[in-house]
Amino acid sequence: MAASCLRLICPLLILDLKAEDQPLERAQGALLLSYQASPDDPQIGSLLLANAIQNALILGKPPKPSINVERSTIKRLWWSVLLRDRWISLALRRRSQLTPKDFDVENNPLEEADFGKEIQESKVYDVHTKRILFTALQQQCRLAIIITDMVSLIFSSCDGFPMGLPSKEFPACMSRAMKTRNRLRQWETETRYALSTAPSEVHHSVMSFIKMTYVYYQYPACAIPFLTKSTDSPVSEQTGIRWMANSGGGD
């Protein structure tokens, strides 16, 4: 029991000690610690993510951070925060902490130039393998953008409405669900093509990263069709509203 409590408290204690006072390093540290959160208390990951977001906001948003930090570093930090936020949202079935207002993803895409030095000078992978990893990362970023709308649709749908969405809002939500479904299908097609050049003998860690990308895809890919298919039923509206309420009703 004591060991379990210690695992829960240690990540937050590391931050509270304030051994590092620079927002970039604090944001990076909190983000990394969020991956070490104990399964006994998954909410600790959300708290660490919130800390990372706070420090990222202190740094400022690309393309003009408030502190003298390389633009590529800021972009990588913000995308890392966004990815972590979306995956935690899926895992805990809760709304996102990072909103579109916090980070303009459309105008700050990750580019190969942001990883130029790492790709060319990696001591672990060759250049071709690093480019495969970067392609998979780009596809994860594209998926996270699509998931953003799904998360706001499903996990926030019952805010203020104990029984779910009011009926008058259902058609608009169904339209968003259909749009998200189509975007997910397009993502899968384009991703399979983009990663089709990966050789079969690629390093197992690279293949694990690619497979994990598809794992992230499977949750929304399964959830959205459930909503959209319900329109074929005579009780589709009640069924869809009830499903939304249950999906967003708790962690």
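- Per an unreviewed UniProt entry, the recorded name for the protein chain is Xylanolytic transcriptional activator regulatory domain-containing protein, and the organism is Aspergillus oryzae.

**Digging into the nonpolar core**
At step 1: Counting 57 residues, the largest nonpolar core has Trp 79, Val 81 and Ile 210 as the members making the most contacts within it.
At step 2: For this core, the secondary-structure elements that each account for two or more residues are α2 (23–34), α3 (43–59), α4 (71–92), α6 (127–154), α7 (170–194) and α8 (204–229).
At step 3: Tallying contributions element by element places α6 first for this core, with 15 residues.
At step 4: Among the domains, domain 1 (14–108) and domain 2 (110–228) are the pair contributing at least three residues each to this core.
At step 5: Leave out the neighbours within four places in its chain, and Trp 79 touches Phe 103, Val 105, Asn 108, Pro 109, Leu 110, Cys 141 and Ile 145.

**Structural notes on unusual backbone geometry**
At step 1: In this structure, Arg 93 is a non-glycine residue whose phi angle is positive, near 55°.
At step 2: With respect to the element layout, Arg 93 can be found in the loop between α4 and α5 (116–121).
At step 3: Residue classification places Arg 93 among the partly exposed residues on the basis of a relative accessible area of 29%.

**Topic: the side chain of Ser 96**
At step 1: Mapped onto the secondary structure, Ser 96 falls in the loop between α4 and α5.
At step 2: A distance of 3.4 Å separates a polar atom in the side chain of Ser 96 from a polar atom in the side chain of Asp 85.
At step 3: Within the local environment of Ser 96, its side chain forms a polar contact with the side chain of Arg 86, the two groups lying 3.4 Å apart.
At step 4: Dropping the residues within four chain positions of it, Ser 96 is found in contact with Asp 85, Arg 86, Ser 89 and Val 151.

**Focus: the pattern of salt bridges**
At step 1: Enumeration according to the criterion identifies 9 salt bridges in this entry.
At step 2: With a closest N to O distance of 2.8 Å, Glu 118 and Arg 76 form a salt bridge. Of the two residues, Glu 118 sits in helix α5 while Arg 76 sits in helix α4, which places them 42 residues apart along the sequence.
At step 3: Judged by its relative accessible area of 30%, Arg 76 is partly exposed.
At step 4: When the shortest N-O distance is used, the salt bridge between Lys 130 and Glu 118 registers 2.9 Å. Remark: Glu 118 occurs in helix α5 and Lys 130 occurs in helix α6; sequence separation between them is 12 residues.
At step 5: Under the relative-accessibility criterion, Lys 130 is labelled buried at 11%.
At step 6: Because the salt bridges share partners, they merge into one network encompassing Lys 75, Glu 111 and Asp 114.

**A look at the side chain of Ser 34**
At step 1: Along the chain, the position of Ser 34 falls in helix α2.
At step 2: Side-chain polar atoms of Ser 34 contact the backbone oxygen of Leu 31, separated by 2.6 Å.
At step 3: Leave out the neighbours within four places in its chain, and Ser 34 touches Gly 45, Leu 48, Leu 49 and Arg 84.

**Examining the environment of Ile 210**
At step 1: Note on placement: Ile 210 falls in helix α8.
At step 2: Not counting residues within four places of it along the chain, the set of residues in contact with Ile 210 comprises Ile 132, Ala 136, Leu 195 and Ala 198.

What counts and what doesn't
- Residues numbered from 1 in each chain as written.
- Predicted model: local features only at pLDDT ≥ 70, side-chain atom pairs only at ≥ 80, totals over all residues.
- Heavy atoms only, no water.
- Core = buried A, V, L, I, M, F, W, Y, C linked by side-chain atoms within 4.5 Å.
- Buried < 20%, exposed > 50% of the residue type's maximum accessible area, 1.4 Å probe, protein only.
- Helix = DSSP H or I, 4+ residues; strand = E, 2+ residues; numbered from the N terminus.
- Domains from an automatic or database assignment.
- Contact = heavy atoms within 4.5 Å.
- Polar contact = N/O pair within 3.5 Å; in protein donor to acceptor, adjacent residues only side chain to side chain.
- Salt bridge = Lys/Arg side-chain N within 4 Å of Asp/Glu carboxyl O.

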